[in-house]
Amino acid sequence: MMTKSEADLRQIFLDQVDLIPAGERISRCIQCGTCTGSCPVSYAMDISPRQLLAMFRAGEMEQIMKSRTIWICASCYACTTRCPSGIKITDIIYALKRTAIEKNMESVAPQVQRLARLFTENLMSYGRLHEGTLIRKYYMKTNMLKFIDLIPLARKMWKTKRLQPFPKRIKEQKSLARIIRKAQEIEMRHTKETLEYAPDFVGYRGLGELKLEQRKGE
Amino acid sequence: MTVKYAYYPGCSLEKNQRGYDASVREVFAALDQELIEIDDWNCCGATVYMSVKETVALAVSARNLALAEKMGLDIMAPCSSCFTVLSKTNRIMGSIPEMHKDVNEALAEGGLSYSGKTNVRHPLDILMNDVGLDAILQKVKRNLNGLKIAPYYGCQIVRPDKTFDDQENPMLMDRLFRKCGGEMVYYPMKVRCCGGMLMTTFEDTGLKLNRELLSCAQENGADVIVTTCPLCHFNLEAYQDKINSTFNTEFNIPILYFTQLLGIALGVPAKKLGFDALFIPVGQKVSSLTEVQYA
């Protein structure tokens, strides 16, 4: 029997997996470890990609979400390309990141979430990324000393005319912001619908079932 | 024959990587390919947005696809991250009808819609597959004269899906520059990840990954590393000092965009290729090719 929060997490995650093309292939894992062997950062992970898939099958969602693994993945897709079962491991890790952010879970690497949030704010206000604003805000909130560390780099960029001092807005920034808000609304709509189906099982059950159930309900 | 492409520079090419932008424009002009910059394009969301909200990430990126669709042209995206994100958006919208509907519902708020017709292309793909190696070689004016080149493709232009080159051992840059007179060194790390944003979020790991890329090039005698991606370029170049001080190494390897090197071969005046934006001087061997000295 899973705890309530485990079951919730699993449901949110399964919903996300449903939205990945070929996401259901997660059930085909043969535990060969090709993913872990191909990953350039697996040495720095606490749970290897292979272990992560095994833990999902065993229903250890909370532990997965607490891991360093999901945040350190740089999404280079080496594992996805090589997986003999065609599992979309990188996209699955994205789904885990989204689940963690959605549930506002405490993370061993809060800086990644911080960066992701600042990035989205940046896009919302300007429509294009202004690296200067992003990096300044990021280090102000995570590590002031590092910010000072970056001054020589900023000077080099200034000298080579690579630093854009002020952010520029795109002309249609307001219309982009409307698109973003609408998309957020749509995403929320989905989340609400699906939470009613919190499952209580492990293994691979529940994969792809969501869409079926929803259709039945419609 | 002139072919037109909808040019999507992406945020980093606007200013930070202006050398890539300048050299892409010059190379395409030299080869009679017309680039029309997409008016009022927005950030593609990069790999970061995907971690937050999927529908939003797709809508943000699809706005650009919709703008290009109106122009009726293929998108040309030089940044590997933009290239992957835009392609991925196409793929997801194409294979999941619900997602297509949701994204279009969001786009409608901005008076746009996207039917899925825009092809996303990388300049390396366009140069080698549309323009063609023969046509390029006809316009080559300078021999690269045995310059030792480590071709670094990075991860995002060949993965996740098979795009225009082999996923484990891409060869387009190798073929291009060998024919231009360069010597391609053995570079088995050509598709190994540079860590991307890890340099900001997990600096230790980012530095280590890039040290490995640099030492592999150095051990194999490369004069330059040639790359296709702004993030790889920034990590390898701007952090070379820091890698040296962290690991007690003495790397001093110039990092060039493939379009900068191709621009030299095509006889484009060096000052137009954005070499003045490099942190690490290109060195004697490249300078001698261009007959212009770069300090």
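Residues numbered from 1 in each chain as written. Chains lettered and ligands numbered in written order. Predicted model: local features only at pLDDT ≥ 70, side-chain atom pairs only at ≥ 80, totals over all residues. Heavy atoms only, no water.

Q: So what's going on with the sheet that holds strand β1 (residues 4-7) of chain B? Which residues, and what values?
A: Strands belonging to one sheet form pairs held by backbone hydrogen bonds; the direction of such a pair is parallel or antiparallel. Residue and element names in this part refer to chain B. Taken together, the four strands give an open sheet; going across it, the order is β2-β1-β3-β4, and neighbouring strands pair in parallel fashion. What marks the edges here is a single partner per strand, and that holds for β2 (34-37) and β4 (120-121). As paired strands, strand β3 (residues 75-76) and β4 are joined by two bridges and run parallel to one another. In the strand pairing of β4, Met76 is matched with Arg121. (Pairing = 2+ DSSP bridges. Helix = DSSP H or I, 4+ residues; strand = E, 2+ residues; numbered from the N terminus.)

Q: Any chance you could break down the environment of Asp125 of chain B for me, citing the residues and the numbers?
A: Residues and elements named next belong to chain B. Here Asp125 is to be found in helix α7 (residues 123-139). The exposure class of Asp125 is buried, given its relative accessible area of 8%. Between the alpha carbons of Asp125 and Thr163 there is a distance of 8.9 Å; along the sequence they are 38 residues apart. Within the structure, the side chain of Asp125 is placed 2.8 Å from the side chain of Arg121, a separation counted as a polar contact. (Buried < 20%, exposed > 50% of the residue type's maximum accessible area, 1.4 Å probe, protein only. Polar contact = N/O pair within 3.5 Å; in protein donor to acceptor, adjacent residues only side chain to side chain.)

Q: Describe in detail the interface of chain A and chain B, supporting the description with residues and values.
A: For interface size, the figure often reported is the accessible area lost on association. With 69 residues of chain A at the interface, the matching set in chain B holds 69 residues. In total, chain A and chain B occlude about 6,300 Å² of area from one another, counting both sides; carbon and sulfur atoms represent 59% of this. It is Arg128, Arg162 and Ile179 of chain A that lose the most area in chain A upon contact with chain B, and together they represent 12% of the buried surface on that side. Linking chain A with chain B are 12 salt bridges. (Contact = heavy atoms within 4.5 Å. Buried area = accessible area lost by both parts, 1.4 Å probe. Salt bridge = Lys/Arg side-chain N within 4 Å of Asp/Glu carboxyl O.)

Q: Outline a positive patch on the surface, listing residues and values.
A: Residue and element names in this part refer to chain A. Side chains of Arg114, Arg117, Arg136, Lys137 and Lys141 sit close together on the surface and give a patch of like positive charge. Counting residues per element, the ones that place at least two in the positive patch are α8 (110-126) and α9 (131-142). With three residues, the single largest contributor to the positive patch is α9. A residue is classified by how much of its surface remains accessible, and Arg136, at 38% relative accessible area, is partly exposed. (Patch = residues over 30% accessible without salt bridge, like charges linked within 9 Å, V, L, I, M, F, W, Y side chains within 5 Å. Areas by Shrake-Rupley, 256 points an atom, 1.4 Å probe, with all protein chains shown as cover. Lys, Arg positive; Asp, Glu negative; His and termini not counted. Charge placed at Lys NZ, Arg CZ, Asp CG, Glu CD.)

Q: Now, about the layout of surface pockets: what can you tell me, with residues and values included?
A: Of the pockets and cavities examined, the largest pocket occupies roughly 1,100 Å³. Lining the largest pocket are 47 residues, with Glu131, Gly132, Ile135 and Met157 of chain A together with Asn16 of chain B sitting closest to its centre. For the lining of the largest pocket, the element with the highest residue contribution is α9 of chain A, accounting for seven residues. Taken together, the residues that form the lining of the largest pocket break down as 28 nonpolar, 13 polar and six charged. (1 Å grid on protein atoms, 1.4 Å probe; cavity = no way out; pocket = protein on both sides within 12 Å on 5 of 7 lines; lining within 4 Å. Points joined across faces, edges and corners; volume = space filled by probe spheres on them. Nonpolar A, V, L, I, M, F, W, Y, C, P; charged D, E, K, R; others polar.)

Q: Before we move on, could you go through the sheet that holds strand β6 (residues 183-184) of chain B and cite the residues and values that matter?
A: All names here are of chain B. Pairing is parallel across the open sheet formed by four strands, whose spatial order is β6-β5-β7-β8. With partners counted over all chains shown, the strands left at the sheet margins are β6 and β8 (255-257), one partner each. Pairing of strand β5 (residues 148-152) with strand β7 (residues 224-227) involves four bridges; the strand directions are parallel. Bridging across to β7, Tyr152 finds its partner in Thr227.

Q: If you had to explain helix α4 (residues 54-71) of chain B to someone new, which residues and values would you point to?
A: All names here are of chain B. Taking 1.5 Å per residue, 18 residues should reach 26 Å; α4 reaches 26 Å between its end C-alpha atoms and fits that length. Considering bend angle alone, the principal kink of α4 is centred on Ala62 and spans about 30 degrees. Counting buried residues along α4, 15 of its 18 residues qualify, which places the element largely inside the surrounding structure. Two residues or fewer past α4, Gly72 is found with a positive phi of approximately 70 degrees. (Expected span 1.5 Å × (residues − 1). Bend = angle between axes of the 7 residues up to and from the residue.)

Q: How would you sum up the side chain of Thr80 of chain A? Please name residues and give values.
A: Residues and elements named next belong to chain A. Looking at the element boundaries, Thr80 is found in helix α6 (residues 78-82). At 2.7 Å, the side chain of Thr80 and the side chain of Thr90 are in polar contact. For Thr80, the contacting residues outside a window of four places in its chain are Ile87, Lys88, Ile89 and Thr90.

Q: Before we move on, can you summarise the state of the cysteines with the specific residues and values?
A: Residue and element names in this part refer to chain B. This model, assessed by the stated rule, comprises zero disulfides over all chains. Cys229 provides the cysteine sulfur closest to Cys232, a residue in no disulfide bond, and the two sulfurs are 3.8 Å apart. The exposure class assigned to Cys232 is buried, which follows from its relative accessible area of 4%. (Disulfide = S-S within 2.5 Å.)

Q: Now, about the environment of Leu144 of chain B: what can you tell me, with residues and values included?
A: Residues and elements named next belong to chain B. Relative to the elements of secondary structure, Leu144 occurs in the loop between α7 and β5. Between the alpha carbons of Leu144 and Val226 there is a distance of 13 Å; along the sequence they are 82 residues apart. Among residues more than four places away in sequence, those in contact with Leu144 are Ile149, Phe177, Cys180, Gly181, Gly182, Leu261, Ala265 and Leu289.

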